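# Architecture at a glance
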Amino acid sequence: MSHEVEPKQLLHLVFGGELKDLATTEFKDLSQIDLVGMFPDFASAKAAWKAKAQSTVDNAQMRYFIVHLHRVLDPSDA
């Protein structure tokens with residue numbers, strides 16, 4: 001009987017939007033934030049972030065971010 005151990009779930013949020021100024025992380029219009037999704041690990045979050053960032057390369061004001069939610073939910077997990 002082999003019991004596979006699932007890797008620990010480390011939630012990540014990917015989102016983005018158009019910034020007011022590239023020197024800050026203040027968004028131009030919060031109602032237009034693009035919530036890409038929640039991901040169970042950094043690798044899948046990074047893949048989603050990269051795809052969205054590349055799809056908006058023509059808009060210099062667009063920025064996408066990865067938030068390590070597992071660090072917010074459990075600070076001892078950092």
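Notes on the structure follow.

Rules used throughout
Per chain, residue numbering runs from 1 following the sequence as it is written. Per-residue local features are limited, in this predicted model, to residues with pLDDT of at least 70; the limit for side-chain atom pairs, both in listing and counting, is 80 or more; totals at the level of whole chains, interfaces and linings are taken over all residues. Computation of side-chain values covers all heavy atoms of the structure but excludes hydrogens and water. Counted as salt bridges are all cases of a side-chain nitrogen of Lys or Arg within 4 Å of a carboxyl oxygen of Asp or Glu. Only DSSP runs of H or I reaching four residues or more are called helices, and only runs of E reaching two or more are called strands; each is numbered from the N terminus. Pairing between two strands is assigned when DSSP locates at least 2 bridges connecting them. A fitted line through C-alpha atoms represents every axis, and for helices the fit uses only the stretch in contact; the resulting angles, taken between N-to-C directions, go from 0 to 180 degrees. Only heavy atoms enter the contact rule, under which two residues are in contact if any of them lie within 4.5 Å. Using a 1.4 Å probe on the protein chains alone, a residue whose accessible area is under 20% of its type maximum counts as buried, one over 50% counts as exposed, and one in between counts as partly exposed. Under the convention used throughout, the expected extent of a helix is 1.5 Å for every residue step, that is, one less than its residue count. Contacts described as polar in this section are N or O atom pairs within 3.5 Å, which, within protein, must combine one atom able to donate a hydrogen with one able to accept it, while residues neighboring in sequence count only if both atoms come from side chains.

### Some details on the pattern of salt bridges
Scanning the model with the defined rule gives three salt bridges in all. Aspartate 34 is the salt-bridge partner of lysine 52, the closest N and O atoms lying 3.1 Å from each other. Of this pair, lysine 52 sits in helix H1 (residues 42-55) while aspartate 34 sits in strand S2 (residues 34-39); the two residues are 18 residues apart in sequence, bridging distant segments of the chain.

### Brief notes about the sheet that holds S2
If you walk across this open sheet you meet the three strands as S2-S1-S3, and the pairing is antiparallel. With one partner strand each, in any of the chains shown, S2 and strand S3 (62-67) form the two edges of the open sheet. Between one strand axis and the next, the sheet turns through 15° on average, direction left out of account. Inspection of the sheet shows strand S1 (residues 12-18) paired to S3 by six bridges, in the antiparallel sense. Residue pairing for S3: phenylalanine 15 is matched across the bridge by phenylalanine 65. Along the sheet face, H1 touches S1, S2 and S3 and points at about 175° away from the line of S3.

### Re the environment of glycine 17
Looking at where glycine 17 falls in the secondary structure, it is placed in strand S1. Its relative accessible area of 2% is what places glycine 17 among the buried residues. Spatially, the C-alpha atoms of glycine 17 and aspartate 74 are 27 Å apart, while their sequence positions differ by 57 residues. Apart from the residues within four sequence positions on either side, glycine 17 is in contact with Phe27, Gln61, Met62 and Arg63.

### Describing the pairing of S1
Here S1 lies mainly inside the structure; five of its seven residues are buried. Pairing analysis gives five bridges linking S1 to S2, with the strands arranged antiparallel. Across the sheet, residue leucine 13 finds its bridge partner in S2, namely methionine 38.

### Notes on H1
Over its 14 residues, H1 extends 20 Å from the first C-alpha to the last, a length consistent with the 20 Å expected when each residue adds 1.5 Å. Residue aspartate 41 occupies the N-cap position of H1, its side-chain oxygen lying 3.3 Å from the main-chain nitrogen of alanine 43.

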